[in-house]
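A structural walkthrough
Here's the letter readout for the chains.
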Amino acid sequence: STRFTIAVRDLSVTGFRCETSFNLKVGKTVWLTIPGLGPLEAVVKWKDRLQFGCSFAAPLHPAVLDHVARQVPKDAG
């Protein structure tokens, strides 16, 4: 129910790695909102300081991942 901004560092069809100062708890459900897509349900699987690994409840279709990747500026990251 709390909205906050994260930096997605890696994204795959099965999940993502992000960085945030917000304290996410392993095992909790989170929702990732990517512009142009509906909210994506995921579960926090691991934590390492400010880095978190999350697994999607349902895998992304590879075409969706390709579309999102095309939206990222080439010099990002």
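Refer to the structure presented above.
To keep things clear, this report deals only with the structure shown in the data block. By convention here, each chain's residues receive numbers from 1 onward along its written sequence. Only residues with pLDDT of at least 70 get local features here, since the model is predicted, and only at 80 or more are side-chain atom pairs given and counted; chain-wide, interface and lining totals rely on the full set of residues. By convention in this description, side-chain values take in all heavy atoms of the structure and omit both hydrogens and water.

What to know about the packing of aromatic side chains
The rule is short: rings of Phe, Tyr and Trp, with Trp giving its six-membered ring, pair when the centres are within 6.5 Å, and they are stacked under 30 degrees, edge-to-face over 60, tilted in between. The tally for this structure, following the rule as stated, stands at two aromatic pairs. With a centroid separation of 4.0 Å and 15° between ring planes, the pair formed by Phe4 and Phe22 is classed as stacked. Of the two residues, Phe4 is situated in the segment before β1 (7-11) and Phe22 in the loop between β2 (15-19) and β3 (29-32); the sequence distance between them amounts to 18 residues. Classification of Phe4 by relative accessible area gives partly exposed; the value is 34%. Each ring, one from Phe16 and one from Phe56, has its centre 5.5 Å from the other, and the planes form 40°; the classification is tilted. Note that Phe16 is positioned in strand β2 and Phe56 in strand β5 (residues 51-56), a separation of 40 residues in sequence. Numbering goes from the N terminus for both helices and strands, where a helix is a DSSP run of H or I of at least four residues and a strand is a run of E of at least two. For each residue, the accessible area found with a 1.4 Å probe, counting protein chains only, is set against the maximum for its type, and the residue is called buried under 20%, exposed over 50%, and partly exposed in between.

Some words on the state of the cysteines
In this description, the term disulfide denotes a pair of cysteine sulfurs within 2.5 Å. Here the structure, examined in full by the defined rule, presents zero disulfides. Free cysteine Cys18: the closest other cysteine sulfur is in Cys54, separated by 4.8 Å. Residue classification places Cys54 among the buried positions, given a relative accessible area of 6%.

Some words on the environment of Arg17
Here Arg17 shows up in strand β2. Along the chain, Arg17 and Glu41 lie 24 residues apart, while their C-alpha atoms are 14 Å from each other. Every residue pair with non-hydrogen atoms within 4.5 Å of one another is taken to be in contact. Beyond its immediate stretch of four places on either side in the chain, Arg17 contacts Ala7, Val8, Arg9, Asp10, Trp46, Gln51, Phe52 and Gly53. We define a polar contact as two N or O atoms separated by no more than 3.5 Å, with the added condition that, inside protein, one atom must be a possible hydrogen donor and the other a possible acceptor, whereas residues neighbouring each other in sequence contribute only through side-chain atom pairs. Here the side chain of Arg17 touches Asp10 through a polar contact of 2.7 Å, side chain to side chain.

Some words on the environment of Pro39
Among the secondary structure elements, Pro39 is positioned in the loop between β3 and β4 (40-48). Residues Pro39 and Ser21, spaced 18 residues apart in sequence, show a C-alpha to C-alpha distance of 21 Å.

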